[in-house]
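Here's the letter readout for the chains.
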Amino acid sequence: MQRVSISLMGVLFGLSLLTAAVERSDAKATISRSERCTNLSYQLDDAFKNHATATQITAAKALQRRGNRYCANKKQAQGIRMLANALKLLGVTPIDSDQ
């Protein structure tokens, strides 16, 4: 009986370690809104280099400035929308860093 309870405790301990590892890996998969703002702004910088002749570049740059201001002022949801819209103006699909 004692061996069974010790084995059971070992199994439960192993499962708890496995669960903790899975939870940590899930936590790494999600990023904060601030990080999302930064990633989209960097994506826009690259898009400006690659789409320098786009007709909407002036409007996209204005949206990037506004989006960055929103992000800096703790209004990341609005900033993310602005930055994503700026990318769409250039014909670029915003990269979702959560994937």
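Residues numbered from 1 in each chain as written. Predicted model: local features only at pLDDT ≥ 70, side-chain atom pairs only at ≥ 80, totals over all residues. Heavy atoms only, no water.

1. Things to note about the overall build of the protein
The line we're drawing: Starting at the N terminus, helices and strands are each numbered in turn, a helix being any DSSP run of H or I of at least four residues and a strand any DSSP run of E of at least two. The cut-offs for exposure are 20% and 50% of the maximum accessible area for each residue type, with area from a 1.4 Å probe on protein chains only; residues under the lower value are buried, those over the upper are exposed, and the others partly exposed. Residue contacts are counted whenever heavy atoms from the two residues lie within 4.5 Å of one another.
Along the backbone of the protein there are four helices and zero strands. Traced from its N-terminal end to its C-terminal end, the protein shows the element sequence α-α-α-α. Scored against the burial criterion, the 99 residues of the protein give a buried share of 25%. Taking all contacts inside the protein whose residues are at least 6 apart in sequence as the whole, residues at least 24 apart take part in 63%.

2. Quick notes on the packing of aromatic side chains
Our working definition: Stacked, tilted and edge-to-face are the three classes assigned to paired rings of Phe, Tyr and Trp, where Trp is represented by its six-membered ring and a pair needs centres within 6.5 Å; plane angles under 30 degrees give stacked, over 60 edge-to-face, the rest tilted. Sitting over a ring, as applied to charges here, requires NZ of Lys or CZ of Arg to be within 6 Å of the ring centre and within 35 degrees of the ring normal.
For the coordinates displayed, the defined rule picks out zero aromatic pairs. The ring centre of Phe-48 lies 5.4 Å from the NZ or CZ of Lys-61, which sits over that ring.

3. Brief notes about helix α2 (residues 33-50)
Filter applied, for reference: Each helix should span, by expectation, one fewer than its residue count multiplied by 1.5 Å. Note that the arc is defined by the directions from the helix axis to the C-beta atoms.
Spanning 18 residues, α2 covers 25 Å between terminal C-alpha atoms, matching the ideal 26 Å at 1.5 Å per step. For α2, the set of buried residues is Arg-36, Cys-37, Leu-40, Ser-41, Gln-43, Leu-44, Ala-47 and Phe-48. Taken down its axis, α2 places every buried residue within 160° of arc, on the same side. Along α2, exposed side chains directed more than 90 degrees from the buried face belong to Tyr-42, Lys-49 and Asn-50. Of the surrounding secondary structure, the elements contacted by the buried residues of α2 are α3 (57-72) and α4 (76-89).

4. Quick look at the packing of α2 against α4
Selection rule: Lines are fitted to the C-alpha atoms to define the axes, a helix being fitted only along its stretch in contact, and any angle between axes, read from their N-to-C directions, falls within 0 to 180 degrees. When describing relative orientation, an angle under 35 degrees is termed roughly parallel and one over 145 degrees roughly antiparallel, while 65 to 115 degrees is termed roughly perpendicular and anything else oblique. Note on convention: near helix rotated counterclockwise from far helix by under a right angle means a left-handed crossing. Clockwise means right-handed. Gly counts as polar in this scheme, as do all residues outside two lists: the nonpolar Ala, Val, Leu, Ile, Met, Phe, Trp, Tyr, Cys and Pro, and the charged Asp, Glu, Lys and Arg.
Two elements in contact, α2 and α4, have axes separated by 9 Å at closest approach and are oriented at 20°. By the angle between their axes, α2 is roughly parallel relative to α4. Crossing of α2 against α4: the hand is left-handed. For the pair α2 and α4, contact is made by Arg-33, Ser-34, Arg-36, Cys-37, Leu-40, Ser-41, Gln-43, Leu-44 and Ala-47 and by Gln-76, Ala-77, Ile-80, Leu-83, Ala-84, Ala-86 and Leu-87, respectively. Split by residue class, the contact of α2 with α4 holds 10 nonpolar, four polar and two charged.

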